[in-house]
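# Architecture and fold: a report
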Amino acid sequence: MAEYMIMIFDPDTDWTSASEEEFAEVGREFNAFEAAAEGMGIKITGGNALQPASTATSIRGDSVTDGPFIESKEVLGGYYLIDAPDLDKALAYARLCPTAAGVEVRPIMDVSGM
């Protein structure tokens, strides 16, 4: 098994202003996504949804600013950490993610020998 991060990109949405119905529908979609993992031999080991990009604080060198580094239509909205048999399985699972913009899948670097 190898560990991967699935980074979820979506339009920057403030879910605190979403209706109960909208929030429930998104919840159902992600619950179904999570349920599909076991049948594919994948274990979800972590993950979270992120607050809107407007809540970010960016640091570059000595500069600290409110908000993300760049203006973008899509932002990192959340992530999953998974254990998957291989990259092909991780990619097949990531394709099921209910997102409008897309996902990025990256292997986790083993730094245990550092």
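Structure first, text after, so check above.
A few points on the structure.

A few words now on the overall build of the protein chain. Counting its regular elements, the protein chain contains 2 helices and 6 strands. Traced from its N-terminal end to its C-terminal end, the protein chain shows the element sequence β-α-β-β-β-β-α-β. Overall size of the protein chain, expressed as C-alpha extent along the three principal axes, is 45 × 40 × 20 Å. For the protein chain, the proportion of its 114 residues judged to be buried stands at 21%. By sequence separation, contacts in the protein chain at least 24 residues apart represent 80% of the contacts at least 6 residues apart. Surface accessibility of the protein chain: about 7900 Å² in total, with carbon and sulfur atoms responsible for 53%. Counting 7 positive and 20 negative side-chain charges, the protein chain places the averaged centre of each group 7 Å from the other.

With that settled, the discussion passes to the pairing of strand β3 (residues 57-60). Side-chain positions along a regular strand alternate between the two faces of the sheet. Pairing of β3 with strand β4 (residues 63-66) involves 4 bridges; the strand directions are antiparallel. Residue pairing across strands places Ile-59 opposite Val-64, the latter belonging to β4. With antiparallel pairing between neighbouring strands as the criterion, β3 and β4 make up a hairpin whose turn holds 2 residues, including Gly-61 at a positive phi of roughly 60°.

The subject of this paragraph is the environment of Glu-104. One can find Glu-104 in strand β6 (residues 102-107). The spacing of Glu-104 and Leu-87 is 17 residues in sequence and 12 Å in space, taken between C-alpha atoms. Contact partners of Glu-104, with chain neighbours within four places excluded, come to Met-5, Ile-6, Met-7 and Phe-9. A polar contact of 2.5 Å, which involves the side chain of Glu-104, links it to the side chain of Arg-106.

The rules we used
- Chains are numbered independently. Their residues run from 1 in the order of the written sequence.
- At least 70 in pLDDT is required for a residue's local features to be given in this predicted model, at least 80 for side-chain atom pairs to be given and counted, and no such filter applies to totals for whole chains, interfaces and linings, which use all residues.
- The side-chain numbers reported here are obtained from all heavy atoms of the structure, hydrogens and water having been left aside.
- Secondary structure elements follow DSSP: runs of H or I of four or more residues count as helices, runs of E of two or more count as strands, with numbering from the N terminus.
- A 1.4 Å probe rolled over the protein chains alone gives each residue an accessible area, and that area as a share of the maximum for its type sets the label: buried under 20%, exposed over 50%, partly exposed in between.
- Residue contacts follow a heavy-atom distance rule, with two residues in contact if any of their heavy atoms lie within 4.5 Å.
- Only the protein chains shown count as cover for residues, and all accessible areas are computed by the Shrake-Rupley method using a 1.4 Å probe.
- His is not counted, nor are the chain ends, whereas Lys and Arg count as positive and Asp and Glu as negative.
- By convention, the point assigned to a charge is CZ for Arg, NZ for Lys, CD for Glu and CG for Asp.
- Pairing between strands is defined by DSSP: at least two bridges between the two strands are required.
- Think of a polar contact as two N or O atoms within 3.5 Å of one another; within protein, one of them needs to be a possible hydrogen donor and the other a possible acceptor, and neighboring residues in sequence only count if both atoms come from side chains.

Read these as spatial facts, not as claims about activity.
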